[in-house]
Amino acid sequence: MRMRKKPNLQPRMERCAAVQIMSPELLRGRWHDEFPGRALWLEIGCGKGRFTVGTAQENPEAELVALEKVEDAMVIAMERACEAKTENVRFISMDALKLREVFAPGEVERIFVNFCDPWPKSRDAKHRLTSPNFLRIYADILPLGGEVCFKTDNLPLFEWSLEQIKAEGWEVQGVTNDLHENGEGGVMTDYECKFREMGVKINRLAAVKTQETKNGASGEVPRLRNAALSDARGINE
């Protein structure tokens, strides 16, 4: 469901200007100079920021950059960070397709992709944040050993993503189809908290970049055929 446009968005964004980076492309190759002594982590699609703020607070050794296209959601996350006085989180409003313009090769050490849009129709599969095109973008900005942490409640999307990740040469670790089976499995997003209360199982994995991982220089990205989630997995959404 599309978030309703907030009439007071700009004043609220301005009040949180201290945690927003307006021209992130100017920091390309300089992030570690800007935030010395901290590992650089990236969250793609931070939504309202529960996971963002919680993760930053639990990991003061890292600088967490939260990316979100929808400013009406991002402003809530920014307000959360400001209210909590979280010093190691910054926000960027942009499309993930432009990540190479903002981060140099190997500059980001960890990427979080949480509860992204499944884009269930086959013709839209290229928009999934775990499609080969996006995986190669991540490979370009991560070093060897860098990782993508992926969580979703959508089992067809998870299984499809696992296939793409393996085919693109990533090492897969920590695969689970019930992250909260034995209690809280780390910092949760707003969606995740709601799903857990409803008894919905959460899927999670970590994809680690290796020498075999394909990147932007690996040739043509494979075409995604028969990629509807119901077609690919035999499960109706």
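The rules behind each value
- Residues numbered from 1 in each chain as written.
- Predicted model: local features only at pLDDT ≥ 70, side-chain atom pairs only at ≥ 80, totals over all residues.
- Heavy atoms only, no water.
- Buried < 20%, exposed > 50% of the residue type's maximum accessible area, 1.4 Å probe, protein only.
- Helix = DSSP H or I, 4+ residues; strand = E, 2+ residues; numbered from the N terminus.
- Pairing = 2+ DSSP bridges.
- Right-handed = clockwise from strand over helix to strand, strands pointing away.
- pLDDT = per-residue confidence, 0-100.
- Contact = heavy atoms within 4.5 Å.
- Expected span 1.5 Å × (residues − 1).
- Salt bridge = Lys/Arg side-chain N within 4 Å of Asp/Glu carboxyl O.
- Phe/Tyr/Trp six-rings, centres within 6.5 Å; stacked < 30°, edge-to-face > 60°.

K.L.:
I'd like a rundown of the pairing of strand β1 (residues 39–44), residues and numbers included.
P.N.:
Of all six residues that make up β1, six are buried, and the element is covered over most of its length. Bridge analysis of β1 against strand β2 (residues 62–67) gives six bridges, and the strand direction is parallel. By the bridge assignment for β2, leucine 42 is matched with valine 65. As a crossover connection, the stretch from β1 through helix α3 (residues 50–58) into β2 is right-handed.

K.L.:
Residue-level account of the confidence of the model for the chain, with values.
P.N.:
Taken over all residues, the pLDDT of the chain has a mean of 93, while the share at 70 or more is 95%. Predicted confidence for residues 232–237 stays below pLDDT 50, and this span has 15 contacts to residues more than four positions away or in other chains.

K.L.:
Which residues make up helix α7 (residues 155–167), and what values do they have?
P.N.:
Here α7 contains 13 residues, and its C-alpha end-to-end distance of 18 Å stays within 8% of the 18 Å for a straight helix at 1.5 Å per residue. Glycine 169 sits one or two positions beyond α7 and adopts a positive phi of about 85°.

K.L.:
Residues and numbers for the pattern of salt bridges, please.
P.N.:
Two side chains bearing opposite charge may form a pair once their charged atoms approach each other closely. A full pass over the atoms with the stated rule returns nine salt bridges. Close ionic contact of arginine 136 with glutamate 168 constitutes a salt bridge, the shortest N to O distance being 2.8 Å. Separated by 32 residues along the polypeptide, arginine 136 in helix α6 (residues 132–141) and glutamate 168 in the loop between α7 and β6 (171–176) bring together distant segments of the chain. Relative accessible area serves as the criterion here: at 2%, glutamate 168 is assigned to the buried category. One salt bridge connects glutamate 192 with lysine 151, and the closest N-O pair in it is separated by 2.7 Å. Here lysine 151 lies in strand β5 (residues 147–152) and glutamate 192 lies in helix α8 (residues 190–198), a separation of 41 residues in the sequence. Each member of the pair, glutamate 192 together with lysine 151, is buried. Connected via shared salt-bridge partners are Arg38, Glu63 and Arg90.

K.L.:
Residues and numbers for the packing of aromatic side chains, please.
P.N.:
By convention here, two paired aromatic rings are described through the distance between centres and the angle between planes. Enumeration according to the criterion identifies eight aromatic pairs in this entry. Judged by centre distance (6.0 Å) and plane angle (15°), the rings of phenylalanine 150 and phenylalanine 158 are stacked. The exposure classification of phenylalanine 150 matches that of phenylalanine 158, with both residues buried. Joined through ring pairs, the aromatic side chains of Trp31, Phe35 and Phe103 make up one cluster.

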